[in-house]
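Letter by letter, the chains look like this.
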Amino acid sequence: ATIAAVTSAGPISVALALIAGCGGAGTPATPDAAPFDPSDAAVALPDATPGVPLPGFGDITGACGAIDAAALTGAAPMLYRGDLDFARDRYDDPAERPQLTPGGQVIVASDNAGGSSIFSETFAFELLARCELAALVKLETEIVYDVAGDKTDILVELDGTKVGVSVTRAVTFPFGSPYTPLAAQELVDRKLAGILESSANVSADDAWQKQILAVLAYDTQHADVFADAWAAAEPALRADTLVLLFVTDGDDLFIYTDS
């Protein structure tokens, strides 16, 4: 099984979910989370969605089909962990675009709102579509806000619920350098604050019930440090955000270079 957890930070204790892994060819996921003290959190075992992950580009293992109705409607922050393995086959666009979900094909063919993150946004959506059966509703440039400020990257529908999705990458340059706790904490705090701001400013027509922070991590060390930084973040920043933290493996540099 792969651990999907909300851990406690200081005096704050929140729920911890231990999610059974699901992956291609019936191969179970291997744990990649740091050891934890079970006394720090309650444990729940939500049922995974059967029949996932859906076929697609890259092998998904870990917390797949684990975001249930309780997570979407509850007030507790959650963190889910998994892996996305490209093996020796890096994604080549547009040649391999037909292997993406319909929503993923729309995202990868679109102009995002600046920066170099189209592949990370595409595959963050692919994880949600293939594991959680999410449907694309709007791109970043289509979401309407009442007040200017931070924006979310994608609007999706999940189990009939509108969910905003913010995407980021946990990576250090030059590649292979260790991820520092300071760098992780700065990223965690900035992304969580941006999620709260965009949630407050979004228009009523596009308003979502929940936001997901989808994180693609360069390796397990990066994922572990990010998870620790998330656990140490102020409870008011974590709020009710769900975090999807996936390590990418194999020929994955395109995720981090967008080329």
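Note: the structure precedes this text.
Residues numbered from 1 in each chain as written. Predicted model: local features only at pLDDT ≥ 70, side-chain atom pairs only at ≥ 80, totals over all residues. Heavy atoms only, no water.

**Q** Please explain the state of the cysteines as it appears in this structure.
**A** Within the structure shown, the criterion is met by one disulfide. What pairs with Cys-64 in a disulfide is Cys-131, and their sulfur atoms sit 2.1 Å apart. Its S-S torsion of about -105° marks the bond between Cys-64 and Cys-131 as left-handed, since a negative value means left-handed. Here Cys-64, found in the loop between strand E4 (59–62) and helix H1 (69–73), pairs with Cys-131, found in helix H3 (residues 118–132); they are 67 residues apart in sequence, far enough to count as distant. Per residue, the accessibility class of Cys-64 equals that of Cys-131, and both read buried. (Disulfide = S-S within 2.5 Å. Helix = DSSP H or I, 4+ residues; strand = E, 2+ residues; numbered from the N terminus. Buried < 20%, exposed > 50% of the residue type's maximum accessible area, 1.4 Å probe, protein only.)

**Q** Help me understand the packing of helix H4 (residues 181–201) against helix H5 (residues 220–232) in this model?
**A** Pairs of packed helices are described in terms of their axes, by the angle between the two and the distance that separates them. At a closest axis distance of 8 Å, the pairing of H4 and H5 adopts a crossing angle of 55°. As summarised for this structure, H4 and H5 are arranged oblique, according to the angle between their axes. H5 is crossed by H4, and the crossing has right-handed handedness. Listed contacts from H5 to Pro-181, Ala-184, Gln-185, Leu-187, Val-188 and Leu-192 of H4 are Val-225, Phe-226, Ala-229, Trp-230 and Ala-232. (Axes fitted to C-alpha atoms, helices over the stretch in contact; angles between N-to-C directions. Parallel < 35°, antiparallel > 145°, perpendicular 65-115°, else oblique. Left-handed = near helix turned anticlockwise from the far one by under 90°. Contact = heavy atoms within 4.5 Å.)

**Q** Please clarify how the pairing of strand E7 (residues 154–158) should be interpreted in this entry.
**A** Remember that side chains alternate between the two faces of the sheet whenever the strand is regular. Burial within E7 is extensive, with four of its five residues counted as buried. With four bridges connecting them, strand E6 (residues 135–139) and E7 associate as antiparallel partners. Following the sheet pairing, Leu-136 is matched in E7 by Val-156. Strand direction decides the pairing type here: E7 and strand E8 (residues 161–170), joined by five bridges, are antiparallel. Bridging across to E8, Val-156 finds its partner in Val-163. In sequence, E7 turns back onto E8 through a hairpin of two residues, with Asp-159 there showing a positive phi of about 55°. (Pairing = 2+ DSSP bridges.)

**Q** Would you explain the environment of Pro-102 in this entry?
**A** Positionally, Pro-102 belongs in helix H2 (residues 102–108). C-alpha of Pro-102 to C-alpha of Ala-129: the two residues are 27 residues apart in sequence and 9.3 Å apart in space.

**Q** Explanation requested: the sheet that holds E4 in the structure shown.
**A** Paired through their backbone hydrogen bonds, the strands of a sheet run either parallel or antiparallel. If you walk across this open sheet you meet the seven strands as E4-E5-E10-E9-E8-E7-E6, and the pairing is mixed. The open sheet terminates on both sides in strands that have one partner only, identified here as E4 and E6. Ignoring strand direction, the axes of neighbouring strands in this sheet form an average angle of 30°. Its contacts with the sheet place H3 against E4, strand E5 (78–85), E6, E7, E8, strand E9 (210–217) and strand E10 (242–249), and it is angled at close to 130° to E8.

**Q** Would you mind showing me how to read the pattern of salt bridges here?
**A** Oppositely charged side chains are able to pair whenever their charged atoms sit close together. If you walk through the whole model with that rule in mind, you get five salt bridges. Across the pair Arg-97 and Asp-93 runs a salt bridge whose closest N-O atoms are separated by 2.7 Å. (Salt bridge = Lys/Arg side-chain N within 4 Å of Asp/Glu carboxyl O.)

**Q** Explain the nonpolar core here, please?
**A** As a rule of thumb, nonpolar side chains are buried together in soluble globular proteins. In this structure, Ile-67, Tyr-80, Tyr-91, Phe-123, Ile-212, Leu-242 and Leu-244 are the most contacted members of the largest nonpolar core, which totals 45 residues. Non-local contacts of Tyr-91, meaning those with residues more than four positions away in its chain, are made with Phe-57, Glu-96, Arg-97, Leu-100, Val-108, Phe-119, Phe-123 and Phe-254. The next biggest cluster of nonpolar side chains, apart from the first, holds 23 residues, and it includes Val-215, Ala-229, Ala-231 and Val-243. (Core = buried A, V, L, I, M, F, W, Y, C linked by side-chain atoms within 4.5 Å.)

**Q** It is not clear to me how a nonpolar patch on the surface should be interpreted in this structure. Could you clarify?
**A** Taken together, the side chains of Phe-173, Phe-175 and Leu-253 make up a nonpolar region of the molecular surface, amounting to roughly 280 Å² of accessible area. Assignment of secondary structure puts Phe-173 in the loop between E8 and H4. Looking at Phe-173, the relative accessible area reads 55%, which means it is exposed. (Patch = residues over 30% accessible without salt bridge, like charges linked within 9 Å, V, L, I, M, F, W, Y side chains within 5 Å. Areas by Shrake-Rupley, 256 points an atom, 1.4 Å probe, with all protein chains shown as cover.)

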